[in-house]
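Letter by letter, the chains look like this.
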Amino acid sequence: MADFQKQTVQWFPGHMARTRRLIRENLSLVDAVTELLDARCPLSSRNPELAEMIGDKPHIVLLNKCDLADPEKTAAFQKYFDARGEHSLAVDCRSGKGLHAYPALVRTVLKDRIEANRARGMAGRALRIMVVGIPNTGKSSFINRMAGKSRAKVADRPGVTRQNQWFAIGSGIELLDTPGVLWPKFEDERVGNTLAFIGSVKDEVLDSETLAFRLIEFLKRYYPAALEQRYQLDHAAETAPLELFDRIGQRRGMLLRGGEIDYERVSNMLLDEFRGGLLGRITVDFIPGERA
């Protein structure tokens with residue numbers, strides 16, 4: 001197997017530097033910013049540079065893929081963001097869950113802007129919202145769902161959207177799509193691992209065996225029941241990660257000639273099943289101050 005201790009996640013394609021510039025250049029065109037976060041890791045999936053970039057623009061946070069996240073953790077994260085003045089919604093952009101509340105939230109957040117437009121005789125002026133987020137958080141799915149048509153490219157992989165696009169979604173709201181942007185360096189190794197777990201960085205950046213091993217380490221500590229139920233295991237919390245790896249491979253019959261575990265197949269299966277929600281609703285981030 002791979003050396004699990006030495007590999008780190010770093011990924012900053014050149015187009016992302018351009019995206020940061022575009023975000024700054026286009027902020028003057030919008031009334032607010034909507035940030036898509038992955039509900040499974042709301043803090044790891046937000047660009048720490050974004051707050052500085054958007055300044056005092058009104059800010060809406062969508063905790064997307066909430067059906068894959070631990071519901072208690074999602075509720076706690078909503079309280080956390082709301083307490084910071086960042087208006088949050090838990091949504092699932094694929095199914096549309098929670099998105100019915102978005103237009104009303106926009107109008108609430110921008111009530112002062114709406115009143116100012118009315119006072120200047122511009123009552124019909126569209127509310128313009130910039131949509132931002134790191135790769136694979138669901139920006140295109142959000143826009144497609146809100147617009148009612150699949151006019152933005154969508155794929156379950158990072159790096160699909162490449163240039164700014166405007167979309168009218170009704171209710172007097174227009175959305176400005178932007179490519180996903182990560183930051184140049186992950187200062188916290190855990191953040192890099194977490195983003196790799198959910199597929200927000202390309203899988204070739206970190207080999208699948210190392211990533212799956214680290215995922216098992218997390219699950220055995222915080223969600224051992226998920227491993228036990230999915231893979232018919234006992235005492236996952238007390239079992240060493242490598243032994244769990246072996247037992248899962250044996251359960252699934254993923255063996256090489258001679259009966260050795262096919263770690264590559266097991267790793268890819270684990271990552272696919274985690275990302276697809278087959279291990280249950282799991283959150284891999286912690287609210288600041290929460291014991292990790």
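About the cut-offs
Once a new chain begins, its residue numbering starts again from 1 and follows that chain's sequence as written. Owing to the predicted nature of the model, reporting of local features is limited to residues with pLDDT of at least 70; listing and counting of side-chain atom pairs is limited to 80 or more, with chain, interface and lining totals taken over all residues. Calculated side-chain values reflect all of the structure's heavy atoms, with hydrogen atoms and water omitted. By the criteria applied, helices consist of DSSP H or I runs no shorter than four residues and strands consist of E runs no shorter than two, each listed in order from the N terminus. Given a helix with a known number of residues, its expected span is that number minus one, times 1.5 Å. Burial classification: accessible surface area is computed with a 1.4 Å probe over protein chains only, and a residue below 20% of its type maximum counts as buried, one above 50% as exposed, and the rest as partly exposed. Summarising the geometry, the arc corresponds to the directions from the helix axis toward the C-beta atoms. Any pair of residues with heavy atoms lying within 4.5 Å of one another is described as a contacting pair. A residue's pLDDT is the confidence the predictor assigns to it, expressed on a 0 to 100 scale. Think of it this way: DSSP has to see at least two bridges between two strands before they count as a pair. Residues enter a nonpolar core if they are buried and are Ala, Val, Leu, Ile, Met, Phe, Trp, Tyr or Cys, with the set joined through side-chain atoms within 4.5 Å. The crossover handedness rule: strands pointing away from the viewer, path from first strand over the helix to second strand clockwise, crossover right-handed. Working definition: rings of Phe, Tyr and Trp (its six-membered ring) pair if their centres are within 6.5 Å, and the pair is stacked with planes under 30 degrees apart, edge-to-face with planes over 60 apart, and tilted otherwise. A fitted line through C-alpha atoms represents every axis, and for helices the fit uses only the stretch in contact; the resulting angles, taken between N-to-C directions, go from 0 to 180 degrees. By the definition adopted for this analysis, an angle is roughly parallel if under 35 degrees, roughly antiparallel if over 145, roughly perpendicular if from 65 to 115, and oblique otherwise. Nonpolar residues are Ala, Val, Leu, Ile, Met, Phe, Trp, Tyr, Cys and Pro. Charged residues are Asp, Glu, Lys and Arg, and all others, Gly as well, are polar. Basic side-chain nitrogens of Lys or Arg form a salt bridge, by our definition, when they fall within 4 Å of a carboxyl oxygen of Asp or Glu.

## A few points about helix α10 (residues 241-252)
Here α10 contains twelve residues, and its C-alpha end-to-end distance of 17 Å stays within 8% of the 16 Å for a straight helix at 1.5 Å per residue. Among the residues of α10, Pro-241, Leu-244, Phe-245, Ile-248 and Gly-249 are the ones counted as buried. Looking straight down α10, one finds its buried side chains confined to an arc of 135°; they lie on one side. More than 90 degrees from the buried face of α10, the exposed residues found are Gln-250 and Arg-251. Of the surrounding elements, those touching the buried residues of α10 are α8 (208-222), α9 (224-231) and α11 (263-275). Note on α10: the residue one or two positions beyond its end, Gly-253, has a positive phi of about 70°.

## Some remarks on the confidence of the model for the protein chain
Of all residues in the protein chain, 83% have pLDDT values of 70 or greater, and the mean over the chain is 86. Low pLDDT (under 50) marks residues 153-162, which in the prediction has 28 contacts with non-local residues, meaning those over four places away or in another chain.

## Here we look at the pairing of strand β6 (residues 173-177)
The element β6 is largely enclosed, with a buried count of four among its five residues. Pairing analysis gives four bridges linking strand β5 (residues 165-168) to β6, with the strands arranged antiparallel. Residue pairing for β6: Phe-167 is matched across the bridge by Leu-175. Here β5 hands over to β6 after four residues, with Gly-170 in that stretch at a positive phi of 85°.

## Quick word on the nonpolar core
By size, the foremost hydrophobic cluster in this structure holds 36 residues, and its most contacted members are Leu-219, Leu-227, Tyr-231, Ile-248, Val-266, Leu-270 and Ile-282. Residue assignment for this core shows that the elements contributing at least two residues are α7 (189-198), α8, α9, α10 and α11. Among the elements that make up this core, the one with the highest residue count is α8 (seven residues). With near-sequence residues (within four places) excluded, Ile-282 lies in contact with Arg-40, Leu-68, Ala-69, Asp-70, Phe-218, Leu-219, Tyr-223, Ala-226 and Phe-274. Listed in part, the 24 residues of the second largest apolar core include Val-91, Leu-99, Val-106 and Phe-167.

## Let's talk about the pairing of strand β3 (residues 87-90)
Looking at chain direction, strand β2 (residues 59-64) and β3 are connected through four bridges and run parallel. For Leu-62, the partnering residue across the bridge sits in β3 and is Leu-89. A crossover links β2 with its parallel partner β3, the connecting element being helix α3 (residues 71-83), and its sense is right-handed.

## A short note on the packing of aromatic side chains
Applying the stated criterion to the full structure yields eight aromatic pairs. Consider the rings of Tyr-102 and Phe-142, whose centres lie 5.1 Å apart with planes at 85°: the pair is edge-to-face. In this pair, Tyr-102 sits in helix α4 (residues 102-109) while Phe-142 sits in helix α6 (residues 139-147), placing the two residues 40 residues apart along the sequence. In this pair, the class of Tyr-102 matches that of Phe-142, namely buried. Clustering of aromatic rings is evident, with ring pairs tying together Phe-218, Tyr-222, Tyr-223 and Phe-286.

## Side note on the sheet that holds strand β4 (residues 127-132)
The strand order across the open sheet built from six strands is β3-β2-β1-β4-β6-β5, with neighbouring strands paired in mixed fashion. Edge positions in the sheet fall to β3 and β5, since each has one partner strand and no second. The average angle at which neighbouring strand axes cross in this sheet is 25°, direction not considered. Strands in contact with α6 are β1 (32-38), β2, β4, β5 and β6; relative to β6, the strand with the most contacts, it is inclined by about 155°.

## Things to note about the packing of α10 against α11
Between α10 and α11, whose axes approach to 10 Å, the crossing angle comes to 90°. It follows that α10 is roughly perpendicular to α11 by the angle criterion. Contacts from Leu-242, Phe-245, Asp-246, Ile-248, Gly-249 and Arg-252 in α10 reach Tyr-263, Val-266, Ser-267, Met-269, Leu-270 and Glu-273 in α11. Partitioned by chemical class, the residues of the contact of α10 with α11 number seven nonpolar, two polar and three charged.

## What about the pattern of salt bridges?
Applying the stated criterion across every chain, the model contains 14 salt bridges. The partner of Arg-125 in a salt bridge is Asp-31, and the shortest N-O contact between them spans 3.2 Å. Within this pair, whereas Arg-125 is found in the loop between α5 (111-119) and β4, its partner Asp-31 is found in the loop between α1 (14-26) and β1, the two being separated by 94 residues in sequence. Accessibility expressed as a relative area gives 6% for Asp-31, which makes it buried. One salt bridge connects Glu-86 with Arg-84, and the closest N-O pair in it is separated by 3.1 Å. Residue Glu-86 is classed as buried on the basis of its relative accessible area, which comes to 8%. Through salt bridges with shared partners, one network takes in Glu-35, Arg-46, Arg-84 and Glu-86.

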